[in-house]
Amino acid sequence: MKFQLVALFLIVLTACGGGQEQSTEQTPAPQSMVQSEQEEEAMPVVANEAGKKVYDQYCLVCHQTDGNGVPNAFPPLAGTEYVNGDTDRLIGIVLNGLTGEIEVNGQVYNGVMVPHNFLSDQEIADVLTFVRSSFGNNSSAIAADQVATVRAAQ
């Protein structure tokens, strides 16, 4: 039990920046992280802002600010088939959660993702659109009606 508390504390501490002061000096993003104007046009700024807000509230602690997750516990969202592949499967994972071992990019993870079916169709669409266009991902947006369709089919 003590180990679990320490592990949880470290995860939360990491997600919160480790308690270190944040620099106000801005460092330019690496060229690989800079979106082109075409990509920005394809992804409305409002959806990115709304999706980032949902991500920061519900996803960040486990999947981290860079989308790389926590080794052996919470899988990355960056460059994975789970994020960039079948959208119905991805929506289903958010709605229903996920338990048990899964393999992502050659690594095995065995954490628990709780269901987020309390989020609205629009919130789920926003956060998944954010994830699919962040962390080096460049996949299409997800619409609220897609989420509604998957939710209704369950």
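Attention here is on the structure that accompanies the text. Values in this document were obtained by computation on a predicted structure and should not be read as measured data.

1. Brief notes about the packing of aromatic side chains
For step 1, the next point in the chain: In total, this model carries four aromatic pairs according to the counting rule given.
For step 2, the next point in the chain: Each ring, one from Tyr55 and one from Phe130, has its centre 5.6 Å from the other, and the planes form 50 degrees; the classification is tilted. Of this pair, Tyr55 sits in helix α3 (residues 45-58) while Phe130 is found in helix α7 (residues 121-132), placing the two residues 75 residues apart along the sequence.
For step 3, the next point in the chain: A residue is classified by how much of its surface remains accessible, and Tyr55, at 1% relative accessible area, is buried.
For step 4, the next point in the chain: The buried category is assigned to Phe130, whose relative accessible area is 10%.
For step 5, the next point in the chain: Put simply, the rings of Tyr55, Phe130 and Phe135 pair up and form one aromatic cluster.
For step 6, the next point in the chain: Sitting over the ring of Tyr82, Arg89 keeps its end group 4.4 Å from the ring centre.

2. Section: the pattern of salt bridges
For step 1, the next point in the chain: The tally for this structure, following the rule as stated, stands at two salt bridges.
For step 2, the next point in the chain: Measuring nitrogen to oxygen at the nearest pair gives 2.8 Å for the salt bridge that ties Asp56 to Lys52. Here the residue Asp56 and the residue Lys52 both occupy positions in helix α3, the gap between them amounting to four residues, near one helical turn.
For step 3, the next point in the chain: We classify Asp56 as partly exposed; its relative accessible area is 35%.
For step 4, the next point in the chain: Of the charged contacts in the structure, one is a salt bridge between Asp121 and Arg151, with a shortest N-O distance of 2.7 Å. With Asp121 in helix α7 and Arg151 in helix α8 (residues 144-153), this pair connects stretches of sequence that are 30 residues apart.
For step 5, the next point in the chain: Judged by relative accessible area, Arg151 falls into the partly exposed class, the value being 27%.

3. Some details on unusual backbone geometry
The phi torsion of most residues other than glycine is negative, and most of the peptide bonds are trans.
For step 1, the next point in the chain: Of note in this structure, Gln64 is not a glycine but carries a positive phi near 70 degrees.
For step 2, the next point in the chain: As for its placement among the helices and strands, Gln64 is situated in the loop between α4 (60-63) and α5 (81-84).
For step 3, the next point in the chain: Judged by relative accessible area, Gln64 falls into the buried class, the value being 8%.
For step 4, the next point in the chain: The residue Phe135 is not glycine, and still its phi comes out positive at about 60 degrees.
For step 5, the next point in the chain: Locating Phe135 in the fold gives a position in the loop between α7 and α8.

4. Re the nonpolar core
For step 1, the next point in the chain: In this structure, Tyr55, Ile91, Ile124, Leu128, Val131, Phe135 and Ile142 are the most contacted members of the largest nonpolar core, which totals 22 residues.
For step 2, the next point in the chain: Sorting elements by how many residues they give to this core places α7 first, with six residues.

5. Some details on the side chain of Asn137
For step 1, the next point in the chain: You can see Asn137 is positioned in the loop between α7 and α8.
For step 2, the next point in the chain: If near-sequence neighbours (up to four positions away) are discounted, Asn137 is found in contact with Leu77, Ala78, Gly79, Thr80, Val83, Asn84, Val131 and Arg132.

Cut-off values and rules
- Residues numbered from 1 in each chain as written.
- Predicted model: local features only at pLDDT ≥ 70, side-chain atom pairs only at ≥ 80, totals over all residues.
- Heavy atoms only, no water.
- Phe/Tyr/Trp six-rings, centres within 6.5 Å; stacked < 30°, edge-to-face > 60°.
- Helix = DSSP H or I, 4+ residues; strand = E, 2+ residues; numbered from the N terminus.
- Buried < 20%, exposed > 50% of the residue type's maximum accessible area, 1.4 Å probe, protein only.
- Lys NZ or Arg CZ within 6 Å of the ring centre and 35° of its normal.
- Salt bridge = Lys/Arg side-chain N within 4 Å of Asp/Glu carboxyl O.
- Core = buried A, V, L, I, M, F, W, Y, C linked by side-chain atoms within 4.5 Å.
- Contact = heavy atoms within 4.5 Å.

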